Amino acid sequence: MTPTSKQALLNWFDVHQREMPWRLTKDPYAIWVSEMMLQQTQVVTATPYWQRWMERFPTVASLADAPLDDVLMHWQGLGYYARARNMHKAASVVLSDHAGVFPTSYDDLLALPGVGPYTAAAVSSISSNAHRAVVDANVIRVLCRHEGIEDNPKLPAVQVRLQTIADANLDEARPGDFNQAMMELGATLCTPKSPFCDRCPIGDDCIAKKTRMPERYPLPVEKPKAIRRTDVLIIALCDGMTYTHQLPQDGLWGGLYSFPRISVMDGESVIETVTRLAIDILGGENHQPVELGRIRHAVTIYNVELIAYIVNVTEFAADHHNWRSLSEIDTFPMPNPQAKLWAQHKHELLSGRLPVSQPALDL
Ligand code: SF4
């Protein structure tokens, strides 16, 4: 990138950058929280999460002191819960290894749980002007187009090349702003479809613009086809209580609370599955599951239809500690699809207006 384009990019950023609350601070902790939230999440979605988080955990010490359930509750809906668990761990490391002062050096940041090269570069450059270039999906798109790179950006050799170019481009005096300007350009002008090349500050030396086919770059990467899956879950009801259990810490939704849930196996019907689950968890045999609702969601490579059933029982099964009052369910962090199902039906469940006549549907 020519020096003229670099300066034009910074000038454009100074005028056109979007307002974001974390851009009003140089606090590395607040910037780290924003960067962790913004991975795979749009600014408009992340903003209220960041605000709620900073109200509840305004300092790294307050995050370290908080119960993990509380941390997960404030992350609920953002997905990738390992990030929240790692942030909780990282906060303790900052207290023990850095006397509670959130680090700003790239190497110290990289040593924290859950912090990779992208986050370390972003936090160190934005909070303390460290000379580290960020390369995220937006920057990859801008660089591939600007430099005319036609190779697959997922290949390690291409990633090294992109990082080298990004490092060489970085503005000496304002590396943090330059990093943000590149990401902002990718998010607002150099968009995946129909980029706004006529308004682009670095268009003069952009190879993709010259070809008049900027969308050719970067090379599209084939995504694996989603696999369809059906899951059932049970909302067991007994005397105003329901059964939820905490998921193992190392899983996708580790540490969150879940109603009993399993996948329908090949050759098994939905009714057989929900009956098997009811017997496993609640004991007894004569359950009459009634469908409450269903929701579709994607998780990793799966496109899941999740079907919720109500099962009324007259006495608590084993694991007595897993029975919780219906009125408390909102206070436990849950996987987002279950939280949505709960939100849709909690009024009928809390008021006792239950769908008793609807038979359980098979697929
Ligand atoms: S000129 Fe167009 S393709 Fe090139 S960087 Fe700017 S917006 Fe992207």
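Note that this is a predicted model, so its numbers are computed, not measured.

Calculation rules
- Each chain carries its own residue numbering, running from 1 in the direction its sequence is written.
- Local features in a predicted model are, by the rule used here, given only for residues with pLDDT of at least 70; side-chain atom pairs are given and counted only at 80 or more, and totals for whole chains, interfaces and linings are based on all residues.
- Each residue gets a C-beta atom placed from its backbone. If that atom is within 6 Å of a molecule or strand, the residue is near it.
- Under the scheme used here, helices are H or I runs from DSSP no shorter than 4 residues and strands are E runs no shorter than 2 residues, and both carry numbers assigned from the N terminus.
- Residues are sorted three ways: Asp, Glu, Lys and Arg are charged, Ala, Val, Leu, Ile, Met, Phe, Trp, Tyr, Cys and Pro are nonpolar, and all the rest, Gly among them, are polar.
- Expected span of a helix: the number of residues minus one, times 1.5 Å.
- Three exposure classes are used, based on other C-beta atoms lying within 10 Å of a residue's own C-beta, which is placed from the backbone: buried for 20 or more, exposed for 12 or fewer, and partly exposed in between.
- Residues are scored as being in contact if the C-beta atoms we place from backbone atoms lie within 7 Å.
- The split into domains, and so the bounds of each, comes from an automatic or database assignment of domains.

**Here's the deal with the site of the ligand**
Moving on, step 1. Near the ligand there are 15 residues, and of these C190, C197, C200, C206 and P214 occur at the shortest range.
Moving on, step 2. Secondary-structure elements contributing two or more residues to the shell around the ligand are α9 (137-147) and α12 (207-211).
Moving on, step 3. Counting residues per element, the shell around the ligand draws most heavily on α9, which supplies 3 residues.
Moving on, step 4. When its residues are assigned to classes, the shell around the ligand shows 11 nonpolar, 2 polar and 2 charged.

**Considering helix α8 (residues 117-128)**
Moving on, step 1. With 12 residues, α8 extends 16 Å between its outermost C-alpha atoms, agreeing within 8% with the 16 Å of an ideal straight helix rising 1.5 Å per residue.
Moving on, step 2. Summarising burial for α8: 9 of the 12 residues are buried, a large majority.
Moving on, step 3. What α8 keeps buried is the set T119, A120, A121, A122, V123, S124, S125, I126 and S127.
Moving on, step 4. Looking at the buried residues of α8, the elements they touch are α2 (28-38), α7 (106-110) and α11 (175-188).
Moving on, step 5. Following α8 by one or two positions, N129 has its phi on the positive side, about 60 degrees.

**A short note on the domain arrangement of the protein**
Moving on, step 1. Per the domain assignment, the segments making up the protein are domain 1 (3-133 + 163-184) and domain 2 (227-351).
Moving on, step 2. Each of domain 1 and domain 2 has a C-alpha centre, and the two are 35 Å apart.
Moving on, step 3. Counting residues at the interface gives 10 residues for domain 1, matched by 10 residues for domain 2.
Moving on, step 4. Looking at the side of domain 1 that touches domain 2, the elements that each hand over two or more residues are α5 (68-75) and α6 (81-97).
Moving on, step 5. For the side of domain 1 that touches domain 2, the element with the highest residue contribution is α5, accounting for 4 residues.
Moving on, step 6. Here the residues of the side of domain 1 that touches domain 2 sort into 5 nonpolar, 3 polar and 2 charged.

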